[in-house]
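The lines below spell out each chain.
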Amino acid sequence: MPPAPGDRDARREDVSETVWQVLADKGFGGLTLRAVATAMGVSTGMLMHYFPTKRALITHALDLLEKRTAERPRRARPGAGLATVRVMLLDILPLTPDDTARNRIWVSSWDLSLADDGLASEQADRYTRLRSSLLPHLEAARDLGELPADTDLEQLAATAVAFTHGLVVQALFDPARFPEEVQSAMLDDFLATTAPPRPSPVPSPAPAPATTVRPR
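Residues numbered from 1 in each chain as written. Predicted model: local features only at pLDDT ≥ 70, side-chain atom pairs only at ≥ 80, totals over all residues. Heavy atoms only, no water.

A. Spatial organisation of the side chain of T194. In this structure, T194 sits in the segment after α9 (180–192). You can call T194 buried: its relative accessible area is 11%. Here L191 takes part through its backbone oxygen, which lies 2.6 Å from a polar atom of the side chain of T194. Those residues in contact with T194 that lie beyond four places of it in its chain are L82, E146, L147, P148 and L156. (Helix = DSSP H or I, 4+ residues; strand = E, 2+ residues; numbered from the N terminus. Buried < 20%, exposed > 50% of the residue type's maximum accessible area, 1.4 Å probe, protein only. Polar contact = N/O pair within 3.5 Å; in protein donor to acceptor, adjacent residues only side chain to side chain. Contact = heavy atoms within 4.5 Å.)

B. Structural context of the packing of helix α5 (residues 82–90) against α9. Viewed as axis vectors pointing N to C, α5 and α9 meet at an angle of 140 degrees, and their least axial separation amounts to 11 Å. Here the hand of the crossing between α5 and α9 comes out right-handed. Residues V85, R86, L89 and L90 of α5 form the contact with α9, whose participating residues are S184, L187, D188 and L191. (Axes fitted to C-alpha atoms, helices over the stretch in contact; angles between N-to-C directions. Left-handed = near helix turned anticlockwise from the far one by under 90°.)

C. A look at the nonpolar core. Judged by nonpolar contacts, the single largest core of 25 residues is most densely connected at V85, L89, L93, L134, L138, L147 and L187. Secondary-structure elements contributing two or more residues to this core are α5, α7 (117–143), α8 (153–173) and α9. The dominant element in this core, judged by the number of residues it contributes, is α8, at 9 residues. Excluding residues that lie within four positions of it along the chain, L138 makes contacts with L82, V85, L147, L153, L156 and A157. (Core = buried A, V, L, I, M, F, W, Y, C linked by side-chain atoms within 4.5 Å.)

D. Up close: α9. Here α9 contains 13 residues, and its C-alpha end-to-end distance of 18 Å stays within 8% of the 18 Å for a straight helix at 1.5 Å per residue. Among the residues of α9, those classed as buried are Q183, S184, L187, F190 and L191. The arc that holds the buried residues of α9, viewed along the axis, is 120 degrees, so those residues lie on one side. Along α9, exposed side chains directed more than 90 degrees from the buried face belong to E181, D189 and A192. Looking at the buried positions of α9, the neighbouring elements they touch are α5 and α8. (Expected span 1.5 Å × (residues − 1). Arc of directions from axis to C-beta.)

E. Focus on the pattern of salt bridges. All chains considered together, the criterion is met by 9 salt bridges. A salt bridge links E17 to R68, with the nearest nitrogen and oxygen atoms 2.6 Å apart. Placement of E17 in helix α1 (residues 5–26) and of R68 in helix α4 (residues 54–71) is noted, with a sequence separation of 51 residues between them. Take E17: its relative accessible area is 36%, and that puts it in the partly exposed class. Relative accessible area serves as the criterion here: at 22%, R68 is assigned to the partly exposed category. (Salt bridge = Lys/Arg side-chain N within 4 Å of Asp/Glu carboxyl O.)

Printed below as a string of structure tokens:
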């Protein structure tokens, strides 16, 4: 007899929590039906009622990861412009234990996504959404004069995401070299490079030479 809809939803939530636990402990490389079933104390056959294949399990895990990422606590958004862009990029970096765990899971998923056209397309869509989320704030920064008027905003959004994710990888592999304060400082240095150039100071005119008055 199949479980009632409410029981099935509750059971699926239990499965999702266990999938998350396995991801946090072992990454995507250790995510298997057997590992999840063992962690739940159930048979692999029971688990296959929810995920008939490993790919179905991985797809669910990626969706769960994106959901957890979207629901994570975030810093308050300051005023419009680069201040908000900075906060959004800080929210990506592995600055806390939870952020570090989540980023480790994301990075471990890349290998699987690169080997599967469908997963690769979904991952590309995630990056597209991330870049698009920055665009309104970059546009506000340009309108405020924080960026040059001719800035290619889409290119800058792509550059900002590429810089931030590159920093994520370095911080995960070498946390002692890239602690929280170093990551924040590097992000600030990057954003500083996007500012319009300062006008060169106008040199003050040289004082006129003194005139000597000879007595008659």
